[in-house]
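Residue-level listing of the chains:
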Amino acid sequence: MNPDTPHHNAELALSRRYLNDNPWVLQAVTGFLSAYFMEHPGFRVQRHFDEPASGMHVWSCEVPAGLKVPRLLKRLQADIPPCRILQPDDPASSSPRYVIDAPGD
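Residues numbered from 1 in each chain as written. Predicted model: local features only at pLDDT ≥ 70, side-chain atom pairs only at ≥ 80, totals over all residues. Heavy atoms only, no water.

Asker: Could you clarify how one ought to interpret the overall build of the protein in this entry?
Answerer: In terms of regular secondary structure, the protein is built from three helices and five strands. Against the 2.2 N^0.38 benchmark of 13 Å for 105 residues, the protein shows a C-alpha radius of gyration of 13 Å, consistent with a compact globule. Dimensions of the protein, computed from the C-alpha atoms along their principal axes, are close to 45 × 25 × 25 Å. Counting all 105 residues of the protein, 39% fall into the buried class. For the protein, long-range pairs separated by at least 24 residues make up 61% of all intrachain contacts whose partners lie at least 6 apart in sequence. Of the accessible surface of the protein, which amounts to about 6100 Å², a share of 53% is contributed by carbon and sulfur atoms. If the 10 positive side-chain charges of the protein are averaged to one point and the 12 negative ones to another, these points end up 2 Å apart. (Helix = DSSP H or I, 4+ residues; strand = E, 2+ residues; numbered from the N terminus. Rg over C-alpha atoms; globule rule 2.2 N^0.38 Å. Buried < 20%, exposed > 50% of the residue type's maximum accessible area, 1.4 Å probe, protein only. Contact = heavy atoms within 4.5 Å. Areas by Shrake-Rupley, 256 points an atom, 1.4 Å probe, with all protein chains shown as cover. Lys, Arg positive; Asp, Glu negative; His and termini not counted. Charge placed at Lys NZ, Arg CZ, Asp CG, Glu CD.)

So, in C-alpha cells, the structure goes:
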C-alpha cells in the first residue's frame, strides 16, 4: 500500500453467542477478508486475535479511505448465517468496532 494513501482502522468482531451458534463462521470470515484483500489491495488485516474478556474474535483492519466498512459488511452478510451488525456509537472514532451478533430475539 502506498504510505501516502489515506486510510483508517476498523475492527470487525464476532460475538461469542454468534460463534457458538455458527462455529464455521470463523473460517468463513477469515477467508472472506483474505479474498477482500485481493479485490481491494489497500485493505488489509493488521491483527487477528481472541479477546478473552468478551469472548469475541476480532480482526483489526486497515481500510482505504474510499472503502466503506458497512459496504464490506453487507457483502459479508450474504455469505454467513443471519446476523445483526452492531455498529459503533461513534463511527468517527479512530478504530470503530463492528460486532457481528446473533439476530435479535
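So that's the structure; there's more coming.
Asker: Whenever I open this one, the sheet that holds strand β2 (residues 44-51) confuses me. Can you help?
Answerer: Across a sheet, strands are paired by hydrogen bonds formed along the backbone, either parallel or antiparallel in direction. Overall, mixed pairing links the five strands, which are arranged β2-β3-β1-β5-β4 in an open sheet. A strand with exactly one partner marks an edge of an open sheet, and here the two such strands are β2 and β4 (84-86). For this sheet, the mean inter-axis angle between neighbouring strands, taken without regard to orientation, is 20°. Alignment of strand β1 (residues 7-14) against strand β3 (residues 56-64), held across eight bridges, turns out to be antiparallel. Residue histidine 7 lies in a different strand from β3, and its bridge partner there is proline 64. (Pairing = 2+ DSSP bridges. Axes fitted to C-alpha atoms, helices over the stretch in contact; angles between N-to-C directions.)

Asker: Looking at this structure, how should I read empty space enclosed by the protein?
Answerer: It is the rolling of a water-molecule-sized probe over the atoms that shows where space remains empty. In this structure the tally under the stated criterion is one cavity of 30 Å³ or more. In this model, the largest cavity occupies a volume close to 50 Å³. Contributing to the lining of the largest cavity are Ala10, Glu11, Leu12, Phe43, Cys61, Val63, Val69, Leu72, Leu73 and Tyr98. For the lining of the largest cavity, the secondary-structure elements that each account for two or more residues are β1, β3 and α3 (69-77). Counted by class, the lining of the largest cavity contains nine nonpolar, no polar and one charged residues. (1 Å grid on protein atoms, 1.4 Å probe; cavity = no way out; pocket = protein on both sides within 12 Å on 5 of 7 lines; lining within 4 Å. Points joined across faces, edges and corners; volume = space filled by probe spheres on them. Nonpolar A, V, L, I, M, F, W, Y, C, P; charged D, E, K, R; others polar.)

Asker: Explain the pattern of salt bridges here, please?
Answerer: When their charged atoms lie close together, side chains carrying opposite charge are able to pair. A full pass over the atoms with the stated rule returns six salt bridges. Notably, a salt bridge pairs arginine 17 with aspartate 101, separated by 3.1 Å at the nearest N-O pair. Here aspartate 101 lies in strand β5 (residues 97-101) and arginine 17 lies in helix α1 (residues 16-21), a separation of 84 residues in the sequence. Among the ionic pairs, glutamate 51 bridges to arginine 97, the shortest N-O distance being 3.0 Å. With glutamate 51 in strand β2 and arginine 97 in strand β5, the pair connects residues that are 46 residues apart, well separated along the chain. Residue arginine 97 is classed as partly exposed on the basis of its relative accessible area, which comes to 21%. (Salt bridge = Lys/Arg side-chain N within 4 Å of Asp/Glu carboxyl O.)

Asker: What's the story with the side chain of glutamate 11 in this structure? I'm lost.
Answerer: Checked against the element boundaries, glutamate 11 lands in strand β1. Once residues within four sequence positions are removed from consideration, glutamate 11 is found in contact with Val58, Trp59, Ser60, Pro96, Arg97 and Tyr98.

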